[in-house]
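Structural overview for review
Listed here are the chains, written in short residue letters.
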Amino acid sequence: MKGKWAYRSFRHEPIALKNGQVEGNPELAIPWSPPGILDVNTGDSGDVRGTLSFATGVVLDVSGKIKASSDKCPASVELIGEGFYSVNKIKGFFIPGSDHVVGTIMCLTNDLLKLPNGTSGPFVLFPLKA
């Protein structure tokens, strides 16, 4: 995973339930973060460290670990992104046969856009070509 990756995340609108049914037509994918660049180094043991930078000047420190594939799951990466008092949990899967990683990000605390703690949604990573 060493190198620079294009990053983009999305979120869904809050969901209202009435009598156990989804009410209305909530939007499922709203751009959350602006486009970013994940710049990471990966150690031999699968440890990942680096930064996630956005054009707005926001830079999060990123750390975590790559997990090997199994019979039931493709290889994955689990990261924590921290900065500006915000903490985000990121888990994605390396898509077999491609160079993309897709998964979910969840804000654990202090979302930079002031969304509620626990806001989550999909993200995508793909390597930036030099």
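Structure first, text after, so check above.
Source: prediction; values computed, not measured.

Each value, and the rule that gives it
Residues numbered from 1 in each chain as written. Predicted model: local features only at pLDDT ≥ 70, side-chain atom pairs only at ≥ 80, totals over all residues. Heavy atoms only, no water. Helix = DSSP H or I, 4+ residues; strand = E, 2+ residues; numbered from the N terminus. Buried < 20%, exposed > 50% of the residue type's maximum accessible area, 1.4 Å probe, protein only. Pairing = 2+ DSSP bridges.

1. Points about unusual backbone geometry
Although it is not a glycine, Asn110 adopts a positive phi angle of roughly 55 degrees. Along the chain, Asn110 turns up in the loop between β10 (101-109) and β11 (120-127). Residues other than glycine seldom take positive phi values, yet Lys114 does so here, at roughly 70 degrees. Position of Lys114 among the secondary structure elements: in the loop between β10 and β11. Take Lys114: its relative accessible area is 74%, and that puts it in the exposed class.

2. Describing the pairing of strand β7 (residues 59-67)
Sheet topology note: the strand β6 (residues 47-54)/β7 ladder contains seven bridges and is antiparallel. Bridging across to β7, Leu52 finds its partner in Leu60. Between β6 and β7, which follow one another and run antiparallel, lie four residues, and Gly57 among them has a positive phi close to 90 degrees. Of the strand pairs in this sheet, β7 and strand β8 (residues 76-83) are connected by seven bridges, and their pairing is antiparallel. Each residue of the ladder has a partner; that of Ile66, found in β8, is Val77.

Shape is all these values report; function is a separate question.
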